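Residue-level listing of the chains:
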Amino acid sequence: MQAVILSGGFGTRMRPLTYTTPKPLLPIMNKPLIQHVIDSLPESVDEVVLASNYKIELLREYFEEYDVKGKTIHVVDEPKPMGTGGAVKNVENYLDDTFFVINADIISSIDLEEYFKFFKSKEAIGAISAWEVDNPEEFGIFELDDMGRILRFEEKPNAWEAFSNTINAGHYILEPEVLDLIPSGEKVSMEREIFPQLIDKGFYGFKFSGHWIDCGRPTSFLEANKTLLKLHEKEHGVNHLIGEKSYVEGDLGDHVSIGMDCTLEECDISNSIILDGVEIDEGCVIEDTIIGYDVTVESGSSLKGCVVADAVIVDGDHTDEKLRGSD
Ligand code: GTP
């Protein structure tokens, strides 16, 4: 079976980190987002097609080095970003039967094998994973009947028009006939242009429980890190992670992931992600912050709610800022 992973977006909300690293390769708990997604695929998926575009060479490099056991990875280029539907159409030559489509930036507890069984138990042309939220207007929403059939679907409605709290959680199962509905060579939104056409053809929603986080923005990226570290704590008794060859002086606060080759002097750090090669001098306060590769934070600095680009030298106090070396 094949799975298409949508991995070609610009990741603008994750700038400045995505100026140098495509969002699917940004790590949570020292593992790229896309690898979390691939690891969640069932064994029955033996071919993974990455529908890519932005910084594709870095994705290719990553998958040359990282061997996914039991699965063949195809990193496929889009001549230009084609939108979520156009991206799937662009890889149609790789698809010959029922297939998954998954966003590269979703961290969730969905059981894709159960989801596939659910799909096969219906006479369906397509299915969407379904999650309940309090703020449905930021997402695609849909209404389900008792059998899980989708009755209505609407992408990002106005708050007063939101008819349901059930949102599109970003994992689709589609029959190849859906490809015939997507025009070739055009930018097409799967959610806005194709899903409404599936409603009369057997379109289902699969609800699941546990956790679901769309890691599209820094706050949700940190939330995913926290959620996974809480699960890590249940197994290993600690809610932080320190990468190989990293040195940390003193105690770490809660929910901190530290990459490889980092040096952290005595400082106060919590709910943050530190990528590889970072140096943090003593007396710093780091909270709710993501620090890019090879950054130096000079002693006594304070970073709260910040995102720091790769290789920046940070000094002083910063709150809710995106820090770039050239600023
Ligand atoms: P923002 O610019 O911050 O909105 O991020 P994004 O570009 O990643 O867009 P969004 O978060 O809406 O994308 C959801 C998923 O679809 C991500 O996994 C993206 O990589 C992917 N995606 C979005 N647009 C395209 C596209 O045009 N082509 C491909 N191949 N993937 C896309």
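Not measured: the values here are computed from a predicted model.

Caption draft 1: Spotlight on the domain arrangement of the protein. The assigned domain composition of the protein is domain 1 (2–214) and domain 2 (227–320). One C-alpha centre belongs to domain 1, the other to domain 2, and the line joining them spans 31 Å. At the junction of the two partners, domain 1 supplies 15 residues and domain 2 supplies 19 residues. For the pair domain 1 and domain 2, the summed buried area comes to about 1,300 Å², and 74% of that belongs to carbon and sulfur atoms. Among the residues domain 1 hides against domain 2, the three largest losses belong to L17, M29 and N30. Together they make up 47% of the total. At the boundary of domain 1 with domain 2, the tally comes to zero salt bridges. For the pair domain 1 and domain 2, the interface holds two residue pairs in polar contact (both at pLDDT 80 or more). A class-by-class count of the residues in the side of domain 1 that touches domain 2 yields nine nonpolar, five polar and one charged.

Caption draft 2: Here's a closer look at the pairing of strand 6 (residues 99–103). Taking burial as the measure, the five residues of strand 6 include five buried ones, the bulk of the element. Alternating residues of strand 6 divide into F99, V101 and N103 and F100 and I102, and every residue in both groups is buried. As judged from the five bridges shared by strand 1 (residues 2–7) and strand 6, these two strands associate in the parallel manner. By the bridge assignment for strand 6, A3 is matched with F100. For strand 6 and strand 11 (residues 166–174), the ladder comprises four bridges, and the chain directions are antiparallel.

Caption draft 3: Quick look at a negative patch on the surface. Together, E57, E61, E64 and E65 make up a region of like negative charge exposed at the surface. In this fold, E65 is placed in helix 2 (residues 56–65). In this structure E65 comes out as exposed when scored by relative accessible area, which is 72%.

Caption draft 4: Structural context of the packing of aromatic side chains. Tallied over the entire structure, the rule returns 15 aromatic pairs. Their ring planes at 70° and their centres at 5.3 Å tell us that F10 and Y54 sit as a pair that is edge-to-face. On the criterion of sequence distance, the pair formed by F10 in the loop between strand 1 and strand 2 (27–28) and Y54 in the loop between strand 4 (47–52) and helix 2 is long-range, its members being 44 residues apart. When its relative accessible area of 40% is taken as the criterion, F10 is described as partly exposed. Following the ring pairs from residue to residue traces out a cluster consisting of F100, Y115, F116, F118, Y204 and F206. Cation over ring: R152 sits above F163, and NZ or CZ is 3.9 Å from the ring centre.

Caption draft 5: Quick look at the site of the ligand. By nearness alone, 18 residues border the ligand, and L6, T12, R13, A51 and E78 come closest of all. D105 is positioned such that a nitrogen or oxygen atom in its side chain is 3.3 Å from an oxygen atom of the ligand. Taken by itself the ligand offers 610 Å² of open surface, and the protein chains cover 81% of this. Mapped onto the shell around the ligand, the elements with two or more residues apiece are strand 1 and helix 3 (83–90). Of the residues that constitute the shell around the ligand, the class distribution is seven nonpolar, seven polar and four charged.

Caption draft 6: Broad picture of the side chain of T166. If you trace the backbone, T166 turns up in strand 11. Of the residues examined, T166 reaches a relative accessible area of 8% and is grouped as buried. Excluding its chain neighbours within four sequence positions, the residues that come into contact with T166 are A130, W131, E132, G140, I141, F142, L144 and K207.

Caption draft 7: Summary view of unusual backbone geometry. Put simply, R15 and P16 share a cis peptide bond, and its omega is 5°. You can see P16 is positioned in the loop between strand 1 and strand 2. Look at H255: it is not a glycine, yet its phi comes out positive at around 55°. Residue class for H255 comes out buried when judged on its relative accessible area of 10%.

Caption draft 8: Representation of the environment of F195. Here F195 lies in helix 6 (residues 190–198). Residue F195 is classed as buried on the basis of its relative accessible area of 0%. The sequence separation of F195 and V68 amounts to 127 residues, and the corresponding C-alpha distance is 31 Å.

Caption draft 9: Main features of the side chain of S220. Mapped onto the elements of the fold, S220 is located in helix 7 (residues 218–236). Its relative accessible area of 8% is what places S220 among the buried residues. Among the polar contacts listed, one links the side chain of S220 to the backbone oxygen of D214, at a separation of 2.8 Å. Residues within four places of S220 in sequence aside, it is in contact with I213, D214 and C215.

Calculation criteria
- Residues numbered from 1 in each chain as written.
- Predicted model: local features only at pLDDT ≥ 70, side-chain atom pairs only at ≥ 80, totals over all residues.
- Heavy atoms only, no water.
- Domains from an automatic or database assignment.
- Contact = heavy atoms within 4.5 Å.
- Buried area = accessible area lost by both parts, 1.4 Å probe.
- Salt bridge = Lys/Arg side-chain N within 4 Å of Asp/Glu carboxyl O.
- Polar contact = N/O pair within 3.5 Å; in protein donor to acceptor, adjacent residues only side chain to side chain.
- Nonpolar A, V, L, I, M, F, W, Y, C, P; charged D, E, K, R; others polar.
- Buried < 20%, exposed > 50% of the residue type's maximum accessible area, 1.4 Å probe, protein only.
- Helix = DSSP H or I, 4+ residues; strand = E, 2+ residues; numbered from the N terminus.
- Pairing = 2+ DSSP bridges.
- Patch = residues over 30% accessible without salt bridge, like charges linked within 9 Å, V, L, I, M, F, W, Y side chains within 5 Å.
- Areas by Shrake-Rupley, 256 points an atom, 1.4 Å probe, with all protein chains shown as cover.
- Lys, Arg positive; Asp, Glu negative; His and termini not counted.
- Charge placed at Lys NZ, Arg CZ, Asp CG, Glu CD.
- Phe/Tyr/Trp six-rings, centres within 6.5 Å; stacked < 30°, edge-to-face > 60°.
- Lys NZ or Arg CZ within 6 Å of the ring centre and 35° of its normal.
- Near = heavy atom within 4 Å.

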